[in-house]
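Reading the structure
The chain contents come next:
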Amino acid sequence: MNYLMQSTVRCLRQRWSVYALREVDVQLASLAFSARLMCSAAKDLGDLVEKDKVVVFMKGTPAQPMCGFSNAVVQILRMHGVNEYAAYNVLDDQDLRQGVKDYSNWPTIPQIFLNGEFVGGCDILLQMHQNGDLVEELQKLGIRSALLDAEKESK
């Protein structure tokens, strides 16, 4: 009887270890797949942010922003005469919404990219607008800020 119990225990241990190894293999395969998806998503986001000089990930659209911060970004760009830019509505795609947060390592929306480089969110764009840095950054992109023309007209 003792031999029978030992054999059964040995068999169960072997099967359990095989099961555990299979479970580990499944988990590793799942992690590898997730990593490939994340790399693919990061590459796709990289392509999106580099496609245009000015890229905004926002809630809503420039014609109909769905949050105050996204609206502020649209208004700041409009004041500078930047009317042509790529805008992506993150409310349409939750994967895009989370993906851009992961890509930029920034937790909030909207997010602004200039020439493929992450600038920040609404607060940073507002600060750049207020201290004149946005005019300079736009000039580097070959975009003349409309505020320069308005300044000349007021003199």
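See the structure shown above.
This write-up is about the structure you can find in this document.

Cut-offs used in this document
- Residues numbered from 1 in each chain as written.
- Predicted model: local features only at pLDDT ≥ 70, side-chain atom pairs only at ≥ 80, totals over all residues.
- Heavy atoms only, no water.
- Salt bridge = Lys/Arg side-chain N within 4 Å of Asp/Glu carboxyl O.
- Helix = DSSP H or I, 4+ residues; strand = E, 2+ residues; numbered from the N terminus.
- Buried < 20%, exposed > 50% of the residue type's maximum accessible area, 1.4 Å probe, protein only.
- Pairing = 2+ DSSP bridges.
- Right-handed = clockwise from strand over helix to strand, strands pointing away.
- Axes fitted to C-alpha atoms, helices over the stretch in contact; angles between N-to-C directions.
- Parallel < 35°, antiparallel > 145°, perpendicular 65-115°, else oblique.
- Left-handed = near helix turned anticlockwise from the far one by under 90°.
- Contact = heavy atoms within 4.5 Å.
- Nonpolar A, V, L, I, M, F, W, Y, C, P; charged D, E, K, R; others polar.
- Arc of directions from axis to C-beta.
- Lys, Arg positive; Asp, Glu negative; His and termini not counted.
- Phe/Tyr/Trp six-rings, centres within 6.5 Å; stacked < 30°, edge-to-face > 60°.

Now for the pattern of salt bridges. Oppositely charged side chains can pair when the atoms bearing their charge come close. A complete count under the given rule lists 2 salt bridges for this structure. The closest approach of N and O atoms between K140 and E137, which form a salt bridge, is 3.0 Å. Of the two residues, K140 and E137 are both situated in helix 5 (residues 133–140); the distance of 3 residues between them amounts to about one turn of the helix.

Of all 5 residues making up strand 1 (residues 54–58), 5 are buried, and the element is well covered by its neighbours. Across 4 bridges, the pairing between strand 1 and strand 3 (residues 111–114) is antiparallel. Looking at the pairing, F57 lines up with Q111 of strand 3. Following the backbone out of strand 1, through helix 2 (residues 68–79) and into the adjacent parallel strand 2 (residues 86–89), one traces a crossover that is right-handed.

Next up on the list: the packing of helix 2 against helix 4 (residues 122–131). Packing of helix 2 against helix 4 brings their axes to within 9 Å, and their N-to-C directions diverge by 25°. Considered as vectors, helix 2 and helix 4 are oriented roughly parallel to each other. When the axes of helix 2 and helix 4 are compared, the crossing they make is left-handed. Between helix 2 and helix 4, the contacting residues are F69, A72, V73, I76 and M79 on the first element and C122, L125, L126 and H129 on the second. The residue makeup of the contact of helix 2 with helix 4, split by class, is 8 nonpolar, 1 polar and no charged.

Of the residues making up helix 3 (residues 94–104), those classed as buried are L96, G99, V100, K101 and S104. Phi turns positive one or two residues past the end of helix 3, at N105, with a value near 60°.

Here we take up the pairing of strand 4 (residues 117–120). Bridging between strand 3 and strand 4 involves 3 bridges; their strand directions are antiparallel. Note on strand 4: the bridge partner recorded for L114 is E117. The turn joining strand 3 and strand 4, which pair antiparallel and follow one another in sequence, is formed by 2 residues; a positive phi near 55° is taken by N115.

The subject of this paragraph is helix 5. Looking at helix 5, one finds that the buried residues are L134, V135 and L138. All buried residues of helix 5 fall inside an arc of 105° around its axis, so they share one side. One or two steps after helix 5, the chain reaches G142, where phi turns positive at roughly 80°.

Here we come to the side chain of K101. Looking at the element boundaries, K101 is found in helix 3. An unpaired buried charge is present at K101: no salt bridge exists, and D102, the closest side chain of opposite charge, is 8.3 Å distant. With residues up to four places along the chain from it excluded, the contact list for K101 reads W106, P107, I109 and Q111.

Taken in spatial order, the 4 strands of this open sheet run 2-1-3-4, and their pairing is mixed. Two strands close off the open sheet at either side, each with one partner strand: strand 2 and strand 4. When the angles between neighbouring strand axes are averaged without regard to direction, this sheet yields 25°. This element, helix 2, spans strand 1 and strand 3 of the sheet and lies at about 160° to strand 1. Taken strand by strand, helix 3 contacts strand 1, strand 2, strand 3 and strand 4, and its axis lies near 55° from that of strand 3.

Turning to the packing of aromatic side chains, a few remarks are in order. Each aromatic ring pair is specified by the distance between its two centres and by the angle formed by the two planes. Here the structure, examined in full by the defined rule, presents 5 aromatic pairs. On the basis of an interplanar angle of 25° and a centroid distance of 5.2 Å, the ring pair of F57 and Y88 is categorised as stacked. Taken as a pair, F57 in strand 1 and Y88 in strand 2 lie far apart in primary sequence, 31 residues in all. For the pair F57 and Y88, a shared accessibility class is recorded, and that class is buried. Look at F57 and F113: their rings are 5.7 Å apart centre to centre, the planes differ by 80°, and that puts the pair in the edge-to-face class. Of the two residues, F57 is situated in strand 1 and F113 in strand 3; the sequence distance between them amounts to 56 residues. Each of the two residues, F57 as well as F113, counts as buried.

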